[in-house]
Amino acid sequence: MSDTAIQSVLTHLDARQPLIEDWLKAFLRIPSVSADPAYAEHMARAREFLCQRLRQEGLRHVQLLDGGGEPAVYGEWLGAPGRPTLLIYGHYDVQPADPLPLWRTPPFEPTEIDGRLYARGASDVKGSTAVALEVVFAFLNTVRGCPVNIKVFIEGEEETGSPTLRTLIERHGALLAADAVLSADGGRASAEVPTINTGARGNAALEVRLRTATKDLHSGRYGGGVRNALHDMAALLATLHTPDGRVAVAGFDDDATPPTPRQRQDTAAFPYDEAAFFSDVGAASHGEPGYSPRERITLRPALDVNGMWGGYTGAGTKTIIACEASAKLTVRVVEGQDPARVIRSVLAHLRAHCPPGCALEVVAMHDGSPASTLAPDHPLVRAAQTVLRAGDGREPIHVRLGATVPITSVFKEALGIDTLMFGFNLPDEDVHAPNEFFRLGSIREGVQAWTRLLDALGGYQPAAFRA
């Protein structure tokens, strides 16, 4: 579009800043917690809230898409023939607010303090979702059209692992067909330098139970004479890593694509205060030798014990020998790895090292999602690079996320399209924790960048996204 048209959109968005904030606050007041069935009516209210706004702003075919769980909200504007079609992704569900006593302000009553908007879901990801939507609405209200075709897809199960997303896409794949995805989820990696998310680790999960007897035993009668499930579980899990932090599971990283020189250079260029990173959480650096801490948490796979329990954990003393112990484990996988294979290699290790006289049972196993990657020369990356360089004056650093964003791999598998994560939340905004917040200044930064990004992507031919 012309510079004049883009400037009119930006001027419109500047004038609307107070209204954007008001709409976001209304969105945040809806406690759309997907994990708890008690919040079902609020989930429905959030869907209606979004549908009403999409219709009001001129999107067509606004509807709910059902995959057997919490429906997604859909709407479209397809008035740019010959231009790329972009699927804009966000999610309207949020994490539970617990533990409530640790909140300094009511979690579902947005509160402004020193340029920050405190509320559950403010950073993850209602703030960035509002940014993306407001830009689309601004184009339609000022220049009566967008530089690209738009399909809005706002999910309601992201915070519970998107369990029915694949089914939803199978049912509505034709409606969701697009050339690429722009995700409001997956925010900025740094407040200091411009960054572009070019990928994320994948994951998988395992829960096991170890039994050593048919019931708990009196430690006075049996102590020192039988196996103890808690002792054996602790010893078994300790075999998963060598003392220096390397994963000891055979074949664990055999299929991992080694970090490229470009990835290691970008990681080294990222502003990272190693001492502060660990001291901020009262932890010490530990992990796979041969890689920096930043490389270990973004470019390399990992295996972690997330929980271990059994026996008596109440007040006082109960002199028993536990007959059963349980553990939950997850893996983070990198490019090239099959998460289903990796988690099964962990299970095979546990079975091979299970002590005699013990029975190991699989309680649950989830194959999870593979890692996602955007090539450095992908149109989504090139467009984002142009926009961020123009806005900041510095060359953006390519970064990979250590966390997992399942939709990136799901959209690639099911629809054959790539995703650029272009959210404007920042790492310190206490996502999933009490006192979550979103910086109000990120709204203006975000709508400016999204406006210029849609314009830049409109300069590409649809075929370029599948080259």
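Since the structure is predicted, the reported quantities are computational estimates derived from the model, not experimental observations. (Residues numbered from 1 in each chain as written. Predicted model: local features only at pLDDT ≥ 70, side-chain atom pairs only at ≥ 80, totals over all residues. Heavy atoms only, no water.)

Glancing now at the overall build of the chain. Tallying secondary structure elements over the chain gives 14 helices and 18 strands in all. Computed over its C-alpha atoms, the radius of gyration of the chain comes to 24 Å, within 12% of the 23 Å expected for a compact globule of 467 residues. Projected onto its principal axes, the C-alpha coordinates of the chain cover approximately 85 × 50 × 45 Å. In the chain, which comprises 467 residues, the proportion classed as buried is 54%. If you take every contact in the chain between residues at least 6 apart in sequence, the share linking residues at least 24 apart comes to 79%. Total accessible area on the chain stands at roughly 19900 Å², and carbon and sulfur atoms take up 51% of it. The positive charge centre, built from 45 side chains, and the negative charge centre, built from 56, are 2 Å apart in the chain. (Helix = DSSP H or I, 4+ residues; strand = E, 2+ residues; numbered from the N terminus. Rg over C-alpha atoms; globule rule 2.2 N^0.38 Å. Buried < 20%, exposed > 50% of the residue type's maximum accessible area, 1.4 Å probe, protein only. Contact = heavy atoms within 4.5 Å. Areas by Shrake-Rupley, 256 points an atom, 1.4 Å probe, with all protein chains shown as cover. Lys, Arg positive; Asp, Glu negative; His and termini not counted. Charge placed at Lys NZ, Arg CZ, Asp CG, Glu CD.)

Glancing now at the sheet that holds strand 14 (residues 359-369). Pairing in this open sheet of four strands is antiparallel, and the strands run 11-13-9-14 from one edge to the other. The outermost strands of the open sheet, each flanked by one partner alone, are strand 11 (302-310) and strand 14. Each adjacent strand pair in this sheet contributes to an overall mean axis angle of 15°, direction not counted. Of the pairings in the sheet, the one linking strand 9 (residues 202-211) to strand 14 comprises eight bridges and is antiparallel in character. Pairing of valine 208 across the sheet is with valine 362, part of strand 14. Of the strands in this sheet, strand 9, strand 11, strand 13 (324-333) and strand 14 touch helix 7 (residues 229-238), which is tilted by about 15° from strand 13. Together, strand 9, strand 11, strand 13 and strand 14 form the strand contacts of helix 11 (residues 339-352), whose direction differs from that of strand 14 by roughly 165°. (Pairing = 2+ DSSP bridges. Axes fitted to C-alpha atoms, helices over the stretch in contact; angles between N-to-C directions.)

Let us look at the environment of threonine 105. With respect to the secondary-structure elements, threonine 105 resides in the loop between strand 3 (85-91) and strand 4 (111-113). In the structure, threonine 105 is positioned 14 residues away from alanine 119 in sequence and 7.9 Å away in space, judged by C-alpha atoms. Beyond its immediate stretch of four places on either side in the chain, threonine 105 contacts Thr111, Ile113, Tyr118 and Asn435.

Taking strand neighbours across the sheet as the criterion, the six strands line up as 1-2-6-3-7-17 in an open arrangement whose pairing is mixed. Each edge of the open sheet carries a strand with a single partner, namely strand 1 (60-65) and strand 17 (419-421). Direction aside, the axes of adjacent strands within the sheet are offset by 20° on average. Pairing between strand 2 (residues 72-77) and strand 6 (residues 149-155): five bridges, direction antiparallel. Within strand 6, the residue paired with glutamate 76 across the bridge is lysine 151. Across the sheet, helix 3 (residues 40-56) lies against strand 1, strand 2 and strand 6, angled at about 5° from strand 2, the strand it touches most.

One broad rule of soluble globular proteins: the nonpolar side chains tend to lie buried together. Ranked by internal contacts, the top residues of the largest apolar core, which has 67 residues, are Leu182, Leu420, Phe422, Trp450, Leu453, Leu454 and Leu457. Broken down by element, this core gets its largest block of residues, 11 residues, from helix 4 (residues 122-142). Setting aside residues up to four positions removed in sequence, leucine 457 forms contacts with Pro84, Leu86, Val148, Leu182, Pro379, Leu380, Ala383 and Phe465. In terms of nonpolar packing, the next biggest core, distinct from the first, is built from 25 residues, Val208, Val346, Cys354 and Leu360 among them. (Core = buried A, V, L, I, M, F, W, Y, C linked by side-chain atoms within 4.5 Å.)

As for its position among the elements, serine 369 is in strand 14. The class for serine 369 is buried, based on a relative accessible area of 6%. Contact partners of serine 369, with chain neighbours within four places excluded, come to Gly202, Asn203, Val333, Pro339, Pro406 and Ser409.

This brings us to helix 2 (residues 17-28). Spanning 12 residues, helix 2 covers 16 Å between terminal C-alpha atoms, matching the ideal 16 Å at 1.5 Å per step. Within the sequence span of helix 2, burial applies to Gln17, Ile20, Glu21, Trp23, Leu24, Lys25, Phe27 and Leu28. (Expected span 1.5 Å × (residues − 1).)

Of all the positions in helix 8 (residues 261-269), only Gln263, Asp266 and Thr267 are classed as buried. The buried residues of helix 8 all sit within an arc of 100° when viewed along its axis, so they share a single face. Looking at helix 8, the residues exposed on the side facing more than 90 degrees away from the buried face are Pro261, Gln265 and Ala268. Its buried side turned inward, helix 8 meets helix 10 (293-298) and strand 16 (397-401). (Arc of directions from axis to C-beta.)

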